[in-house]
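A structural walkthrough
If you want the building blocks of each chain, they are given just below.
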Amino acid sequence: MSEELVKSVQEMLKEETWTRAAISNYTKNNLIELAEIVQKAKDLGCINELKETCDEQLSHAKDSIIALYISGMLGLKKGALDNSALVNLIDIFRNNHKEPLVIDLCQSIIDEDPNNKFALRTLAECYREANSEEVWAVYEKIVKLDFEEADIAKILAEHYESSDIETAVSYYKKAILRYVNAGNVNSIKEIWTKLISLIPDEIDFFKLVQRKVEKTISPDKSAILMQELYPYYKDNKKWDTAIDILKGNLRIDPKDNFARREITDCFRAKYEKHSHVEDYIRSSNLTQSFRNVFEAISDFEKHIAFDAKNFVFHKTWHVGVIQKVENDTLTINFGKNGFKEMSLKMAVSALQPLSRNHIWVLKATTKKDVLAKKIKDDKTWALKTIISSFNGSCDFKRIKAELVPSLLTASEWTNWNSGAKRVLDTDPTFGVNPNNINEFTVREKAITPEEKLSNEFKAQKQFFPRIDILMKYVNADETDKESDLFADMFAYFKGFLKSINSVTEQVVASYLIVQKVGAMFPTHAYTPSFTFDEMYHDIDNPREMYELLKDTKNTSLREDFLAAIRLLPDWVEQYVKLFPTVLSKSLLDTLINQGKTKEVQELVADTFEDSRNNREAILFFFENCQNEEWFKATGISYQKQLISIINAINQCYREIENHVDSTENKKIIKNACKLLFEGENVYAKHMLSCDMAGMGHMYQIVDDIAPLEGSIKTMLRNKILEKYPDYKFHKKDEASSAPKGMWVTLKMLDAKKAEEKELKEVKIPANAQEIADARAKGDLKENAEYIAAKEYQHKLNHDLKRLEEELARAIVFDETTATASFISFGTDVVLTNKDSGKDEKYTILGPWESDPENGIISYMSPFGNEILDAKPGEELSFTINEHKYNYSVKKITVTECFKKN
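Just so you know, these numbers come straight off a predicted model, no measurement behind them.

Criteria and thresholds
- Residues numbered from 1 in each chain as written.
- Predicted model: local features only at pLDDT ≥ 70, side-chain atom pairs only at ≥ 80, totals over all residues.
- Heavy atoms only, no water.
- Helix = DSSP H or I, 4+ residues; strand = E, 2+ residues; numbered from the N terminus.
- Rg over C-alpha atoms; globule rule 2.2 N^0.38 Å.
- Buried < 20%, exposed > 50% of the residue type's maximum accessible area, 1.4 Å probe, protein only.
- Contact = heavy atoms within 4.5 Å.
- Areas by Shrake-Rupley, 256 points an atom, 1.4 Å probe, with all protein chains shown as cover.
- Lys, Arg positive; Asp, Glu negative; His and termini not counted.
- Charge placed at Lys NZ, Arg CZ, Asp CG, Glu CD.
- Pairing = 2+ DSSP bridges.
- Axes fitted to C-alpha atoms, helices over the stretch in contact; angles between N-to-C directions.
- Patch = residues over 30% accessible without salt bridge, like charges linked within 9 Å, V, L, I, M, F, W, Y side chains within 5 Å.
- Salt bridge = Lys/Arg side-chain N within 4 Å of Asp/Glu carboxyl O.
- pLDDT = per-residue confidence, 0-100.
- Expected span 1.5 Å × (residues − 1).

**Things to note about the overall build of the chain**
- For the chain, the helix and strand inventory stands at 43 helices and 15 strands.
- Relative to the compact-globule value of 29 Å for 901 residues, the chain shows a C-alpha radius of gyration of 40 Å, a clear excess of over 25%.
- With respect to the three principal axes, the spread of C-alpha positions in the chain is 130 × 100 × 40 Å.
- Out of the 901 residues in the chain, the part that is buried amounts to 47%.
- Sequence separation of 24 or more characterises 57% of the internal contacts of the chain that already satisfy a separation of 6 or more.
- With an accessible surface of roughly 47,200 Å², the chain has 48% of that area assigned to carbon and sulfur atoms.
- Of the side chains in the chain, 123 bear a positive and 143 a negative charge, and the two mean positions are spaced by 6 Å.

**Some thoughts on the sheet that holds strand 3 (residues 329–333)**
- Spatially, five strands are ordered 4-3-2-1-5 in an open sheet, and the strand pairing comes out antiparallel. Each edge of the open sheet carries a strand with a single partner, namely strand 4 (339–343) and strand 5 (352–354). Sheet twist, expressed as the average angle between the axes of neighbouring strands with direction ignored, equals 40°.
- Alignment of strand 1 (residues 311–314) against strand 5, held across three bridges, turns out to be antiparallel. Each bridged residue has a counterpart across the sheet, and for Val312 the counterpart in strand 5 is Pro353.

**Topic: a negative patch on the surface**
- Side chains of Glu534, Asp538, Asp540, Glu544, Glu547, Glu616, Asp661 and Glu664 sit close together on the surface and give a patch of like negative charge.
- Topologically, Glu664 is positioned in helix 37 (residues 662–677).

**Some remarks on the sheet that holds strand 15 (residues 883–894)**
- Strand order across the open sheet formed by five strands is 13-12-11-15-14, with mixed pairing between neighbours. The sheet is open, and its two edges are formed by strand 13 (856–858) and strand 14 (875–880), each paired on a single side. Each strand axis lies, on average, 45° off the axis of its neighbour in the sheet, ignoring direction.
- As defined by bridge partners, strand 14 adjoins strand 15 across six bridges and the pair is classed as antiparallel. Of the residues in strand 15, the one forming a bridge with Leu876 is Tyr887.

**Focus: the confidence of the model for the chain**
- Scored by pLDDT, the chain has a mean of 90; 97% of the residues are at 70 or more.
- Element-level mean pLDDT values for the chain span from 82 in strand 10 (residues 810–812) up to 97 in helix 11 (residues 185–198).
- Across residues 731–735, where pLDDT falls below 50, the model places 12 contacts with residues more than four positions away in sequence or in other chains.

**A look at unusual backbone geometry**
- In this structure, Pro405 follows Val404 across a cis peptide bond, with omega equal to 0°.
- The residue Pro405 is located in the loop between helix 22 (396–403) and helix 23 (410–426) in this model.
- Even without being glycine, Asn681 reaches a positive phi, approximately 55°.
- Looking at the element boundaries, Asn681 is found in the loop between helix 37 and helix 38 (682–689).

**Remarks on helix 14 (residues 239–252)**
- An ideal rise of 1.5 Å per residue puts 20 Å on 14 residues; helix 14 measures up with 20 Å between its terminal C-alpha atoms.
- Residues of helix 14 that are buried include every one of Trp239, Ala242, Ile243, Ile245, Leu246, Asn249, Leu250 and Ile252, and no others.
- Against the buried residues of helix 14 lie helix 12 (203–216), helix 13 (219–235), helix 15 (257–270) and helix 17 (293–305).

Okay, here's the thing in structure tokens:
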């Protein structure tokens, strides 16, 4: 059937005698017939053959209608990027005034490829020329698809302005942002003026545009725009916003005389009821050009704030309230620090004005329990209060400093902190400072989800966290994926794909993200000039690249990387190479399910042959593949696997000693020991199943690893002695069973941790407050309270340091390893004193549990060290502090608290 279709088309092409003059007879029915041929080609699977036939025809008959249509439409079905055949066909129809055919052809193209920009724009032109209302729907698709299209966005805004003001404003906003990106100053100015007439109160949007103009065009142009907006706020007596606009313009041009005059007028109007406003304008030299404008503004704002009943802050006396202002003298009540008099001139430099809602004022004027309850019950209010107290922007370190320990304890902060972060993330009145990712901001009006995430993106300077923000935007239901703010964020990653010198992790991650977002939202589809295959085979070290790709909360780049590799022709080879780094059961399953069992088994064999360089891989196979039939078929014995892991542990310790990858090696040791010696204790179980020589060898290779925890060796030795009580260890094996650290019981470890916590969270903070209170009283040399508090501080810090050092050395004794075979930690011992003939009973524990008066001896004490490792019946003679002891070991039992149930 496919051959017949190709032959029939070949006949049609031979018979085609149309010329441009004959095109006048061409109708919609002819297009329908050709469309049916295209569909048959798809159904019969002969798209390539038929397209080649038509392309051949076009090589010597470039105006062939049949060839142009079939080749172009088949190209669309293949997903080809070359639209030249259809472009040429449309040009032929338009040049011959066949607009109805142009419209039909464009609609056919759009049905196949909804994002075909050429077809959409051509269709829009036809509708516009015909004065058809259908043009508006096509315009909307173009604006949605093309994030650089500003002119049509403006046309749509003007169209909707008389009927749907909200939609009109939306299109005006799109247009002005796109004109900013294009640097079209005249169009920016025109739409800015329009938006002032429509939405003057949306100051956040105007500031957004101003920042973009300042950054991409020029600061002066942005100041001119804000100057045009300013009269609305002045005329409506919105003084704070008006002043803020003028301050922004003065930041750009400190010599802007207009802004300086206007800000003076705004201050006059804002403080018209203040009796000293003119005095303060004059004394601050606000109107005098010789004075730095921001110094003048700062002086004026401080002066005007120093009025009766206003609050201030002094670095020594803290929060105070101004009682009265007479002449140039302030009388201030600093609470327990008393009344202070200060000249206005001194106040300007020594005092910080505070609003009545400043957190410091609230802490000074509100009962602690009342304010603490308010903080706990209303996190939103608390966050707004604190952030607003510091010019509307502060970080979490500052927030914590204001609450702990003055209002919340450290444990209360932990719970409050997690809830507060949820508020900051979800409440639309909070955002992130676009210039500092660590600082939060608060606004009176809610910020849109789009702008909130856009600000986070701008503030975040690190690459992979930016990916997380982008995907957070993508995954959020409430965000507009066709917003220009999103397009700006997305363009950042497309930029990495436009000119490449080397394939970095940023390039690979950008490729993966751009393709993922493009697949989810076709309007953002972008095709780089290279394929993944080409990019991947330019990567120097794919295993290293896999590790460099950082997964985030909202996306898994590593999974996307592997999924893309799966589509490569040589994916099997690549998966095998990547496995020692990826360590994924699903990767192995994919290979097995695709019939690549032999390749996987060869991978396993190579891994165990070179276990030194594949330490994590042998752990993975041992833990996850033991029961797989394909793994059993490799013939690698269980004992070889165990010994390979022991050798890996030994190799890790050697590298740690040489300061090579210490963190990673410690992690491998921890995982390996957990696999072998915890839970079912598979190593001991297999060791005991061997003959005597094999058992001795397996014990010996563990004992030969000097840095390995002594408790593991002791456990293995105890297991051997339980099975073979008379087993004789080599002299080397009889070294002390004490670990390098300090054995402790779990009960005492918990008690010491609680002691550490109390020092850090209760005693030291309380002492710090005592020092601060004592310091505030002045004259530190004669201040007995201050001296005593500082001495106590020294003791607390010394106690904490000692305790932290002990905790760092502490090793919890594994009660399951307690044995009565010899004297060790966790045993009760009866010794017969050969000098007195009497029996003496001792319990052997650690320094923390030591209580000599009650017979509890530390194994680290001189006496405990001398009797450690002795067996029943053994004779002991030793001297401590010139006193000689002679004992025989009469009886050893596991101490009562360690006895197995």
